[in-house]
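# An overview of the molecular structure
So you can see what is in the structure, the chains are spelled out below.
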Amino acid sequence: DPCCGSGNFIIEAIKKGISPENVYGFDVDENAVLIARKRIKDLCGYDSKNIVCADFLSQQPKAKSQLFDYIFTNPPWGKKINKADKLRYSSLYNSGNSNDTSALFYFACLKMLKENGKIGMLLPDSFFNISSFENARKSLLSLQINRFVDYGKAFKGLMTKAVAFVACKVNRQQTTVNSQI
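Residues numbered from 1 in each chain as written. Predicted model: local features only at pLDDT ≥ 70, side-chain atom pairs only at ≥ 80, totals over all residues. Heavy atoms only, no water.

## Observations regarding the sheet that holds strand β3 (residues 68-73)
Taken together, the 4 strands give an open sheet; going across it, the order is β3-β4-β6-β5, and neighbouring strands pair in mixed fashion. The sheet is open, and its two borders are formed by β3 and β5 (144-152), each paired with just one other strand. Between one strand and the next, the sheet's axes are offset by a mean angle of 5 degrees, whatever the strand orientation. Across 5 bridges, the pairing between β3 and strand β4 (residues 113-124) is parallel. Counted as the bridge partner of Y70 is K118 from β4. Its contacts with the sheet put helix α4 (residues 101-112) on β3, β4 and β6 (162-168), and the angle it makes with β4 is roughly 165 degrees. (Pairing = 2+ DSSP bridges. Helix = DSSP H or I, 4+ residues; strand = E, 2+ residues; numbered from the N terminus. Axes fitted to C-alpha atoms, helices over the stretch in contact; angles between N-to-C directions. Contact = heavy atoms within 4.5 Å.)

What follows is the structure, given as structure tokens:
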């Protein structure tokens, strides 16, 4: 989870059978990271060193072995980041005009996801209907979408609706070739 906070997605992954040794989390809030690590230890006795205080957007895989099979997250929506970082991340992740933090996290996740890996994100509904997210939506349509859920106003105090998707990063050419055989 690139934005793990106190570990809700991570705890659910472990409960669903993912080994805690294979679960990774990043968050810029040191207290949230400590809470996530404690929750893992309380749940299964494992003292995870894979939950770290770091900015996922600045993480880059150095080898294919550093890519992930699954990435599930609720990235920050509209978080303020300085212009220089926003431009650097936009260039690094080839996000085009989609420069909101939720879009930048989407593109960063795709870059860190293995071929045939699954990605799931909880996003603001604006991701799916305003022009500044067009590049991200086009990218999402290139994936194999497995699930799409409109949660409505899921968070008290927020005016925006929450929408989630789960998709698989598949090679569309390979899929087409296989379906023709």
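Next comes the rest of the write-up.
## Section: the packing of α4 against helix α5 (residues 134-141)
Helix-helix packing: each pair is described by the crossing angle between the helix axes and the interaxial distance. It is at 10 Å that the axes of α4 and α5 come closest, and there the two elements cross at 35 degrees. α4 and α5 meet at a crossing whose hand is left-handed. Contacts from A103, Y106, F107 and L110 in α4 reach N135, A136, S139 and L140 in α5. Along the lines of polarity and charge, the residues of the contact of α4 with α5 split into 6 nonpolar, 2 polar and no charged. (Left-handed = near helix turned anticlockwise from the far one by under 90°. Nonpolar A, V, L, I, M, F, W, Y, C, P; charged D, E, K, R; others polar.)

## Quick look at the pattern of salt bridges
Under the criterion given, the structure shown has 7 salt bridges. K114 is the salt-bridge partner of D69, the closest N and O atoms lying 3.4 Å from each other. Of this pair, D69 sits in strand β3 while K114 sits in strand β4, and the two are 45 residues apart along the sequence. Looking at K114, the relative accessible area reads 29%, which means it is partly exposed. (Salt bridge = Lys/Arg side-chain N within 4 Å of Asp/Glu carboxyl O. Buried < 20%, exposed > 50% of the residue type's maximum accessible area, 1.4 Å probe, protein only.)

## Section: the packing of aromatic side chains
Taken as a whole, this structure holds 10 aromatic pairs when the rule is applied. Aromatic pair F56 and F105: ring centres 6.5 Å apart, planes at 15 degrees, arrangement stacked. With F56 in the loop between β2 (51-53) and β3 and F105 in helix α4, this residue pair connects regions lying 49 residues apart in the sequence. By relative accessible area, F105 is classed as buried at 7%. Taken together, a centroid distance of 5.0 Å and an interplanar angle of 65 degrees make the contact between F127 and F128 edge-to-face. Counting every residue linked through ring pairs, the aromatic cluster contains Y106, F107, F127, F128, F133, F148 and F165. (Phe/Tyr/Trp six-rings, centres within 6.5 Å; stacked < 30°, edge-to-face > 60°.)

## Considerations on the pairing of β4
Here β4 runs beside β6; their pairing, made up of 7 bridges, is antiparallel. In the strand pairing of β6, K118 is matched with C168.

## Re the environment of M112
Counting through the fold element by element, M112 comes out in helix α4. Put simply, M112 and D69 are 43 residues apart on the chain and 9.0 Å apart in space, counted from C-alpha to C-alpha.

## Quick word on the nonpolar core
Counting residues in each nonpolar core, the largest one holds 29 residues, and the members touching the most others are Y106, I119, M121, F127 and F165. It is α4 that contributes the most residues to this core, 9 residues altogether. Setting aside chain neighbours within four positions, we find F165 in contact with Y106, I119, G120, M121, L123, F128, L140, R147 and F148. With 9 residues, the next largest nonpolar core counts I10, I14, V33 and A36 among its residues. (Core = buried A, V, L, I, M, F, W, Y, C linked by side-chain atoms within 4.5 Å.)

## Some details on a nonpolar patch on the surface
Among the surface-exposed residues, F9, I18, Y70 and F72 lie close enough to one another that they form a single nonpolar patch of about 360 Å² accessible area. Considering the arrangement of structural elements, one finds F9 in helix α1 (residues 8-15). (Patch = residues over 30% accessible without salt bridge, like charges linked within 9 Å, V, L, I, M, F, W, Y side chains within 5 Å. Areas by Shrake-Rupley, 256 points an atom, 1.4 Å probe, with all protein chains shown as cover.)

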